[in-house]
Amino acid sequence: MKRTWQPWGALAWLAGILFALPIGWMVLTSLHSEPDAATNPPSLTAPLTLQGYREFFGASTGQSSWPPLVNSASASIGSTVLVLLLAVPAAYALSIRPVRKWTDVMFFFLSTKMMPVVAGLLPVYLFAQKVGLLDNISYLVVLYTSMNLPIAVWLMRSFLAEVPTEILEAAALDGAGLITTLRRVVAPVAAPGIAATALICFIFSWNELLFARVLTGVVAGTAPVYLTSFVTSQGLFLAKVCAAAVVVSLPVLAAGFAAQDKLVQGLSLGAVK
Amino acid sequence: MVITVELRRAAPVLAAVVLAAATSAACSGAGGGGGAADGNAINVLMVNNPQMLDIQKLTEENFTKQTGIKVNYTVLPENDVRDKISQEFSSQAGQYDIASISNYEVPFYAKNGWLAPLDDFVAKDTAFDQNDVLPSMRQSLTAEDGKLYAEPFYGESSFLMYRKDVLDAKSLTVPDNPTWDQVADLAAKADGAQPGMKGICLRGQPGWGQVFAPLTTVVNTFGGTWFGKDWTPQVNAPEFKQATKFYVDLVRAHGEAGAPQAGFAECLNNMEQGKVAMWYDATSAAGLLNAADSPVAGKLGFAQAPVSKTKSAGWLYTWAWGVQQASKKHDAAWKFISWASGRDYEKLVGGKLGWSKVPDGKRASTYENQDYLKATPSARQTQQAITAADPRNPGTQPRPTIGIQFVDIPEFTDLGTQVSQQVSSAIAGSTTVDAALDGGQQLAEKVAAKYRAK
């Protein structure tokens, strides 16, 4: 097969490079010393150092940076698991065995995302203060679950809607019950969709800053909040912040790679028909 | 029937997953409850400045071991920490026992009843020696009711820093108490003294605490003010305009490259990299410029803040420790403050981390310590600047509130920042000073209306 010049392919590459450049710049800056990182015009060839990463892991303050990372992991994984447990059955009831007026239900789910998040911030804060849930990761898990649930239901519904009714009927004919059908028939077909949904929920909760910054404090601070703490108005901080940003993005990157195969399937689901 | 059997088989799996999610959440959550309930721990919320990083490093060995009080720090950048502190203190959430607040917050925080008065603790704690704290610091941390609400961790004024080696080479001398005209003249002469070197660095970055910190001191000494005693806004009055024009013209003619984006950090970098010959900014910058890893250490001279119509013009600023009224650990909180703001803490930092890192500018005794004086070429000028600063009467007319480089009302952060954006545009050349300040006057009118009605 002869490869021909494809303008769209070149454009795709260009877009890819444009997206990757800032990331590459961040990684490069994270490996520079603070004065080199702050130099304008930037010095590309400055010597590399791991000082930024040492600072992130508490070289000059003696403070451990693991608690925020662990907090973020608990909040993201906890909420993602809860979201999937709720969203998959909900999506099932909205697509494979649609309840009456399921379109209204879908719209209701979506309508909960219409209010700007910041509008809910004050009541959420005051409620947490009254019931003593400030600075508590469980509260963030509940919030992230409710924030991501509508998106997850919408995504899962469209994925489950792709499951051919014929194989469900075939399964029923063979005497499979609800759970068996879900596990043996629906799950394998919907797995890419579940992976994609889980990844999106994980990324959203991992990156969430607004609620985390307002609601956490001494012990429940998450990684994005910790990331901002490296910014200072006195002295240089670019290399430190870049190092912190690299470390904080690694888990998301890892999750993305882990789910990559499934993701590609999930994204092209329906497209192959 | 089939379904029931299937459910029974699936139930443990489902339960295990839910349980796992719940425990992972509860574990980290439990830490949260534990920290707050622990009788021997205090929570401190503070700004991310170098002195704060130092105290984090020293606390375990030098405070917790002696007192048994564990200190949990939360560090945030300046703007974020202000938001977080006002959120925490206005709701009196009681999560944090101590917060780093500045002399800008103390008066109105105290008025709102958010801070615990410290007079009783100070009276009992003779070793702390409150009279050693510099008078202008004490004054700016005392509220209208006459009670003391915070203790300074470190303090600063503003002064002129310059490259003595560069100016000497051009046979230029900076007077100890220069006027702004002299400084403008020196900036013109020093411009280009070395390849790529500009005359002076002045902040141009938008922000009430960025460009308006130095600029308001210029306005003060030129005879201007934000508000008259009766809250009449004077932002587009001739003196305010004259001062702003002078500042904008100077920075446009002989100021640093990229001035509209230059704040404290950028000017610090410009000074260290030899891109400017002079810099008018916080006295605390001198410690950073003289630090061991600074390329310009030992090459610097210092002079008082340039003046025009007033005798002194330096600002007054301090990061201080305030105790939240809703905190249940006022005693432990005071023990921490007594340690952190105490005389011995300065010696501890000097001995362990170096004398250039001492959180200075708050105690008279600091300026009698020979080790400190030897290591700090700017000590005399800093002490003089802080002593000369008069937060109640910084200009040529009476003021409605305390404060030199700010107006001590909560609305000033918004007002100052909005006007600063226009001034910054004027430095960039995209608007004029007249237009910027006429707009500022309208904004100031709105704020003033609220206070005049009272």
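Residues numbered from 1 in each chain as written. Chains lettered and ligands numbered in written order. Predicted model: local features only at pLDDT ≥ 70, side-chain atom pairs only at ≥ 80, totals over all residues. Heavy atoms only, no water.

(A) View of the overall build of chain B. Looking only at helices and strands, chain B features 18 helices and nine strands. Scaling as 2.2 N^0.38, a compact globule of 454 residues should have a C-alpha radius of gyration of about 22 Å, and chain B matches this with 25 Å. Long-range pairs, those at least 24 residues apart, make up 75% of the contacts in chain B between residues at least 6 apart in sequence. Carbon and sulfur atoms provide 53% of the accessible area of chain B, an area that totals close to 17500 Å². The average position of the 42 basic charges and that of the 47 acidic charges among the side chains of chain B differ by 1 Å. (Helix = DSSP H or I, 4+ residues; strand = E, 2+ residues; numbered from the N terminus. Rg over C-alpha atoms; globule rule 2.2 N^0.38 Å. Contact = heavy atoms within 4.5 Å. Areas by Shrake-Rupley, 256 points an atom, 1.4 Å probe, with all protein chains shown as cover. Lys, Arg positive; Asp, Glu negative; His and termini not counted. Charge placed at Lys NZ, Arg CZ, Asp CG, Glu CD.)

(B) Focus on the packing of helix α5 (residues 102–111) of chain A against helix α7 (residues 137–160) of chain A. Residues and elements named next belong to chain A. Remark: α5 packs on α7, axes separated minimally by 8 Å, with the N-to-C direction vectors making an angle of 140°. Our classification of the angle between α5 and α7 gives oblique. Two packed elements cross with a definite hand, and for α5 against α7 that hand is left-handed. Residues Trp102, Met106, Phe109 and Leu110 of α5 touch α7, and the partners they reach there are Pro150, Val153, Trp154 and Arg157. Here the contact of α5 with α7 is built from residues that sort into seven nonpolar, no polar and one charged. (Axes fitted to C-alpha atoms, helices over the stretch in contact; angles between N-to-C directions. Parallel < 35°, antiparallel > 145°, perpendicular 65-115°, else oblique. Left-handed = near helix turned anticlockwise from the far one by under 90°. Nonpolar A, V, L, I, M, F, W, Y, C, P; charged D, E, K, R; others polar.)

(C) Expanded view of the domain arrangement of chain B. Residue and element names in this part refer to chain B. We note that the domain assignment places domain 1 (41–149 + 317–375) and domain 2 (158–315 + 395–452) within chain B. Centre-to-centre separation of domain 1 and domain 2, based on C-alpha positions: 28 Å. Contact residues are listed per partner, giving ten residues for domain 1 and 14 residues for domain 2. Together domain 1 and domain 2 conceal approximately 960 Å² of surface at their shared face, both sides included; 66% is due to carbon and sulfur atoms. Across the domain 1-domain 2 interface, the total number found is two residue pairs in polar contact (both at pLDDT 80 or more). Classifying every residue of the side of domain 1 that touches domain 2 gives five nonpolar, four polar and one charged. (Domains from an automatic or database assignment. Buried area = accessible area lost by both parts, 1.4 Å probe. Polar contact = N/O pair within 3.5 Å; in protein donor to acceptor, adjacent residues only side chain to side chain.)

(D) Molecular detail of the UniProt feature "domain: ABC transmembrane type-1" (unreviewed entry) in chain A. Sequence positions flagged by UniProt for "domain: ABC transmembrane type-1" (unreviewed entry) are, in local numbering, residues 69–259 of chain A. As a span, residues 69–259 of chain A carries 75% helix and 0% strand, and end to end its C-alpha atoms are 21 Å apart. (UniProt positions renumbered as here; feature names shortened; annotations may be inferred.)

(E) Quick peek at the packing of helix α17 (residues 412–428) of chain B against helix α18 (residues 433–452) of chain B. Residue and element names in this part refer to chain B. Where α17 meets α18, the closest approach of the two axes is 9 Å, and the angle between their N-to-C directions is 175°. Judged by the inter-axis angle, α17 sits roughly antiparallel to α18. Residues Leu415, Gln418, Val419, Gln422, Val423 and Ala426 of α17 form the contact with α18, whose own contacting residues are Val433, Ala436, Leu437, Gly440, Leu443, Ala444 and Val447. When the residues that make up the contact of α17 with α18 are grouped by side-chain class, the tally is ten nonpolar, three polar and no charged.

(F) Seen up close, the pattern of salt bridges. All names here are of chain B. With the rule as written, the count across this model stands at 19 salt bridges over all chains. Between Arg82 and Glu105 there is a salt bridge, with the nearest N and O atoms lying 2.4 Å from each other. Taken together, the positions of Arg82 in helix α3 (residues 78–90) and Glu105 in helix α4 (residues 105–111) put the pair 23 residues apart, joining distant regions of the chain. Assigned by exposure class, Arg82 and Glu105 land together as buried. In this structure, the salt-bridge partner of Lys245 is Asp434, at a minimum N-O distance of 3.3 Å. Here Lys245 is found in helix α10 (residues 238–254), whereas its partner Asp434 is found in helix α18, with 189 residues between them in sequence. (Salt bridge = Lys/Arg side-chain N within 4 Å of Asp/Glu carboxyl O. Buried < 20%, exposed > 50% of the residue type's maximum accessible area, 1.4 Å probe, protein only.)

(G) Molecular detail of helix α9 (residues 212–221) of chain B. All names here are of chain B. Where burial is concerned, most of α9 is hidden: ten out of the ten residues are buried. Taken together, the buried positions of α9 are occupied by Phe212, Ala213, Pro214, Leu215, Thr216, Thr217, Val218, Val219, Asn220 and Thr221. Tucked into the core, α9 has its buried residues touching β5 (158–163), α8 (180–190), α10, β7 (276–282) and α17. Looking one or two places after α9, you find Gly223, whose phi comes out positive at around 95°.

(H) The arrangement of the packing of aromatic side chains in detail. Applying the stated rule across the entire model yields 39 aromatic pairs over all chains. When the ring of A:Phe56 is compared with that of A:Phe57, the centres are 4.8 Å apart and the planes differ by 90°; the resulting orientation is edge-to-face. Under the relative-accessibility criterion, A:Phe56 is labelled buried at 0%. Accessibility expressed as a relative area gives 36% for A:Phe57, which makes it partly exposed. Note on B:Phe121 and B:Trp334: the rings are 5.8 Å apart at their centroids and 10° apart in plane angle, and the pair reads as stacked. Here the residue B:Phe121 occupies a position in helix α5 (residues 119–124), and B:Trp334 occupies one in helix α13 (residues 330–340), the gap between them amounting to 213 residues. Each member of the pair, B:Phe121 as well as B:Trp334, carries the same accessibility label: buried. Taking the ring centre of B:Phe128 as reference, the NZ or CZ of B:Arg363 above it sits at 4.7 Å. (Phe/Tyr/Trp six-rings, centres within 6.5 Å; stacked < 30°, edge-to-face > 60°. Lys NZ or Arg CZ within 6 Å of the ring centre and 35° of its normal.)

(I) Spatial organisation of the UniProt feature "transmembrane region" (unreviewed entry) in chain A. Within this structure's numbering, the places UniProt gives as "transmembrane region" (unreviewed entry) are residues 73–94, 106–125, 137–156, 185–205, 211–230 and 237–259 of chain A. Taken end to end, residues 137–156 of chain A has its terminal C-alpha atoms 26 Å apart, with 100% of it in helix and 0% in strand.

(J) Looking closely at empty space enclosed by the protein. All names here are of chain B. Inspection of the entire model under this criterion finds three cavities of 30 Å³ or more. The space that makes up the largest cavity amounts to roughly 70 Å³. Lining of the largest cavity is provided by Thr225, Trp226, Phe227, Arg399, Pro400, Thr401, Ile402, Gly403, Ile404, Phe406 and Val407. Considering only residue class, the lining of the largest cavity consists of seven nonpolar, three polar and one charged. By volume, the second largest cavity amounts to about 40 Å³. In this structure, the second largest cavity is lined by Asn103, Ser140, Leu316, Pro391, Ile402, Gly403, Ile404, Phe406 and Asp408. Taken together, the residues that form the lining of the second largest cavity break down as five nonpolar, three polar and one charged. (1 Å grid on protein atoms, 1.4 Å probe; cavity = no way out; pocket = protein on both sides within 12 Å on 5 of 7 lines; lining within 4 Å. Points joined across faces, edges and corners; volume = space filled by probe spheres on them.)

(K) Spotlight on the pairing of strand β1 (residues 41–47) of chain B. Residue and element names in this part refer to chain B. Taken across its seven residues, β1 has seven buried, putting it largely inside the fold. Side chains Ala41, Asn43, Leu45 and Val47 project from β1 onto one buried face, and the interleaved Ile42, Val44 and Met46 project onto a second face that is buried too. Alignment of β1 against strand β2 (residues 70–76), held across seven bridges, turns out to be parallel. Bridge assignment links Val47 to a residue of β2, and that residue is Leu76. For the handedness criterion, the β-α-β arrangement of β1, helix α2 (residues 50–67) and β2 is classed as right-handed. The pairing of β1 with strand β3 (residues 98–102) spans two bridges and is classified as parallel. Within the sheet, the bridge partner assigned to Val44 lies in β3 and is Ile98. (Pairing = 2+ DSSP bridges. Right-handed = clockwise from strand over helix to strand, strands pointing away.)

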